[in-house]
Every structure is written in structure tokens, then in C-alpha cells.
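Each chain, written out:
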Amino acid sequence: MKKTLLFGALFAVALQVSAQQYPTKPVHMIISFTPGSSTDIVGRIVAQKLSEFWGQPVVVENRAGAGGSIGSAAVMHAEPDGYTLLVNSNAHTVNPAIYAKLPYDTLKDFSDIAPLAIQPNVLTVRPDGPYKSVADLVKAAKAKPGALNIGHAGIGSGTHLTTERFIAATGINVVQVPFKGTPEVITAMLSGNVDAYWAPISAALGSIRSNKLRPLAVSTAKRNPQLPDVPTPAEAGIKGTESPLWFGLWGPAKMPPALVSKINADTRKALADTQTKARLFTTGNEIMDMSPEQFSKLVRSEIEANKKVLAAAGVKPQ
């Protein structure tokens, strides 16, 4: 009995020491959406700072598709040693309500490490089009049901969630067009193939500021400092469309708690860095700061909330 207790104590100390020494080699970070997407922008900003702190490369790889679930599935199969991490959007908590058969269990197959940042989606249209307000777009959609289309970054993505909430709140009938990621949707919009898109602000700011896209509303309850003249859903006359987009850091299940705590602490330190905060702020983000336990509670509550929202909108798991 004493030997068992001693072994257990020594093992726990060894794990603690190993966690404090982490990382001793390059870290592989999988980002679940395409290059240039909001998830990619936030993930790379954080990866750069973590690499500086750790003195080790953080090698980023984009694994996009199926609303972020392809990237998640890739990380699920990795060793729980902290050397393969996942950056995903809140699509990670939307997928369980959208896909009837995911290749993983969102609650059991991942370690919740830390949230990163939160931002609004922005309802955008082409500036040469007839829609100068949300009311214009809704009026046109109701006048010709099924004639307009709205793009999003894949079934189960955060932009899909916002789109469903917008459709339910306004009662419009539009065609949804899923893409692999935000850059692909914006390209389709600029070429005239998509009428509207709830674009993540960090990925859309460049096109908005260069007058290639016209912003009609943000998806959050308050205006964003980067687009101070763009109204909230309530100000635009819509209720029930508030749907922020947030990003988090996960690892495979069964990571040692000491290692999760170490990566969480380092991530929060990176997010608190003045330069990192400024880069995230200028791309429309607010920093999120939570312990692993608080983040796990957020993930679980978001999964349940998204199931209710999508069920109320009449969205059935595919």
C-alpha cells in the first residue's frame, strides 16, 4: 500500500515537472478553417506570441471543412502530450447540434484549454447593390421568397449559426450557400455569386474599409469599435439575432491537468501581452480570459444553448 502511494506521489511530481518544462520541441497547431479566415487570423496571432514565450516553433496547419469538424477530428487522434493543439471557433459547440454523426464526442474527446477572443459577425452586401440597410435586405427577401442567397463558412460554422438566427428572427426565405471558409465566401460575393454574408469582422474589415463590401449590422449586442457606425441587430430593428463569434484552444482528451493548466496560463499571458492585445483589437476582437474549468463550463453551456436555438429555428441534425 505504501509503495503504491509512493509511486503515485512520484508520478504526480514527475507530471508536474514535465508540464513546467513544456514545450521541449515544436508544437503543432491545427486551425480548423481556411487561411485568411477569422479563426486563422486569431490563431496565428496567438501562435506567434506563444512561440516567442516558449522558445519553440508553433507550426500552424489549416485543416478546413465540414464546419470546422475536420480539424477537430484530426486533433482528437493525437497524443495527449500537448504537442498537437486545436484552434477552432464556436463552431466546435455548434457542430453537435448540426451533425447527427460526428466522428468524435465534443465533450469526451477533447481537453478544454482556454478561450482566446470574441468578435461580431457583420452582415455584409456588395456596395453596388440596392441594399443600404437590414430593412432593405429583409424587404427584398420577403418580396421574392427564395430569390436571394446568403453564404456562410460551412454547415455547423459560427457564421451558419448567425445565419440561422437571422432567418428565424426575420422570417425570410433565402437560399443558404455553404463554403469551406470565409475567404471563399467573400470571393464569391465580390464576383456577384452571393448576395449577403454574416462575415466575421476580422476577415471582412479589409474589404469593408476598401469599400468592396457594405456593412449593414453587427451580430453583437453592442457596436464594435472598429465599425462604430454599424448598428447592432436591435438598432437595425431585428430581435434575436445576437450571435457573437468566439475562438478557443483545445487538445486531445486525457491531457494531464498540470499540462492543461500550464498551456492555459501561457495562453492567458500571451493574450495579456500589449502587442497581442493591440493586434487582436485592431481586427475587431475582445480578449477572453478564463481558467480551464471556466472554459469547460462555457463549452458545455454553449452546446446546450446552440441545440435549443437551432431546434427552435427548425434546423434538424444532418
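Residues numbered from 1 in each chain as written. Predicted model: local features only at pLDDT ≥ 70, side-chain atom pairs only at ≥ 80, totals over all residues. Heavy atoms only, no water.

Student: Provide a residue-level description of the overall build of the protein chain, including the pertinent values.
Tutor: A tally of helices and strands in the protein chain yields eleven helices and eleven strands. Along the longest, intermediate and shortest principal axes, the C-alpha atoms of the protein chain span 80 × 40 × 30 Å. The buried share of the protein chain, reckoned over its 318 residues, is 54%. Of the contacts made within the protein chain by residues no fewer than 6 positions apart, 79% connect residues no fewer than 24 positions apart. Surface summary for the protein chain: the accessible area is close to 13700 Å², and the carbon and sulfur share equals 57%. Counting 32 positive and 23 negative side-chain charges, the protein chain places the centres of these two groups 2 Å from one another. (Helix = DSSP H or I, 4+ residues; strand = E, 2+ residues; numbered from the N terminus. Buried < 20%, exposed > 50% of the residue type's maximum accessible area, 1.4 Å probe, protein only. Contact = heavy atoms within 4.5 Å. Areas by Shrake-Rupley, 256 points an atom, 1.4 Å probe, with all protein chains shown as cover. Lys, Arg positive; Asp, Glu negative; His and termini not counted. Charge placed at Lys NZ, Arg CZ, Asp CG, Glu CD.)

Student: Tell me about helix α3 (residues 69-76), residues and numbers included.
Tutor: Across the eight residues of α3, seven count as buried, placing the element largely inside the fold. The elements touched by buried residues of α3 are β1 (27-31), β3 (84-89), α4 (91-98), β4 (110-119) and β10 (245-252).

Student: Tell me what's going on with the sheet that holds β3, and back it up with residues and numbers.
Tutor: Pairing within the open sheet is mixed, and its six strands lie in the order β2-β1-β3-β10-β4-β11. Two strands close off the open sheet at either side, each with one partner strand: β2 (58-62) and β11 (286-287). Pairing of β1 with β2 involves five bridges; the strand directions are parallel. From the neighbouring strand, Met29 faces β2, where its bridge partner is Val60. (Pairing = 2+ DSSP bridges.)

Student: Mind laying out the pairing of strand β5 (residues 121-125), listing which residues take part and the relevant values?
Tutor: Most of β5 is tucked away: five of the five residues are buried. Of the two faces of β5, the one holding Asn121, Leu123 and Val125 and the one holding Val122 and Thr124 are both buried throughout. Where β5 lies against strand β8 (residues 196-200), four bridges are found, and the strand directions are antiparallel. Looking at the pairing, Thr124 lines up with Tyr197 of β8.

Student: Can you tell me about the packing of aromatic side chains, naming the residues and giving the values?
Tutor: By the definition in use, this model includes seven aromatic pairs. Between the aromatic rings of Tyr104 and Phe110, the centroid separation amounts to 5.2 Å while the plane-to-plane angle is 90°, which identifies the pairing as edge-to-face. By relative accessible area, Tyr104 is classed as buried at 6%. Between Trp250 and Phe295, the aromatic rings sit 5.2 Å apart at their centres with planes inclined by 45°, giving tilted as the arrangement. In this pair, Trp250 sits in strand β10 while Phe295 sits in helix α11 (residues 292-312), placing the two residues 45 residues apart along the sequence. (Phe/Tyr/Trp six-rings, centres within 6.5 Å; stacked < 30°, edge-to-face > 60°.)

Student: Help me get a handle on the sheet that holds β5, residues and values and all.
Tutor: Spatially, the five strands line up as an open sheet ordered β7-β6-β8-β5-β9, and their pairing is mixed. Where the open sheet ends on each side, the last strands, each with one partner, are β7 (175-178) and β9 (214-218). Strand-to-strand twist in this sheet, taken as the mean axis angle between neighbours without regard to direction, amounts to 30°. (Axes fitted to C-alpha atoms, helices over the stretch in contact; angles between N-to-C directions.)

Student: Report on empty space enclosed by the protein, specifying residues and quantitative values.
Tutor: Taken as a whole and assessed by the stated rule, the structure comprises three cavities of 30 Å³ or more. Its boundaries defined by the atoms lining it, the largest cavity holds a volume of some 80 Å³. Considered class by class, the residues forming the lining of the largest cavity number four nonpolar, eight polar and no charged. (1 Å grid on protein atoms, 1.4 Å probe; cavity = no way out; pocket = protein on both sides within 12 Å on 5 of 7 lines; lining within 4 Å. Points joined across faces, edges and corners; volume = space filled by probe spheres on them. Nonpolar A, V, L, I, M, F, W, Y, C, P; charged D, E, K, R; others polar.)

Student: Tell me about the side chain of Ser207, and name the residues and values.
Tutor: Inspection of the secondary structure puts Ser207 in helix α8 (residues 201-209). For Ser207, a relative accessible area of 13% corresponds to the buried category. Excluding its chain neighbours within four sequence positions, the residues that come into contact with Ser207 are Ile186, Lys212 and Leu213.

Student: Can you lay out the layout of surface pockets for me, pointing to particular residues and giving the numbers?
Tutor: Put simply, the largest pocket is a space of about 160 Å³. As for the largest pocket, its lining consists of Ser111, Asp112, Lys254, Met255, Pro257, Val260, Ser261, Pro292, Glu293 and Ser296. Mapped onto the lining of the largest pocket, the elements with two or more residues apiece are β4, α9 (257-272) and α11. Looking at side-chain class alone, the lining of the largest pocket contains four nonpolar, three polar and three charged residues.

Student: A description of the pairing of β7 should follow, citing residues and the corresponding values.
Tutor: Two elements, strand β6 (residues 149-152) and β7, share four bridges in a ladder whose sense is parallel. What sits directly across from Ile150, in β7, is Gln176.

Student: Tell me about the confidence of the model for the protein chain, residues and numbers included.
Tutor: Mean pLDDT over the protein chain works out to 93, with 95% of the residues at or above the 70 mark. Every residue in residues 6-14 is under pLDDT 50, and counting partners more than four places away or in other chains gives zero contacts. (pLDDT = per-residue confidence, 0-100.)

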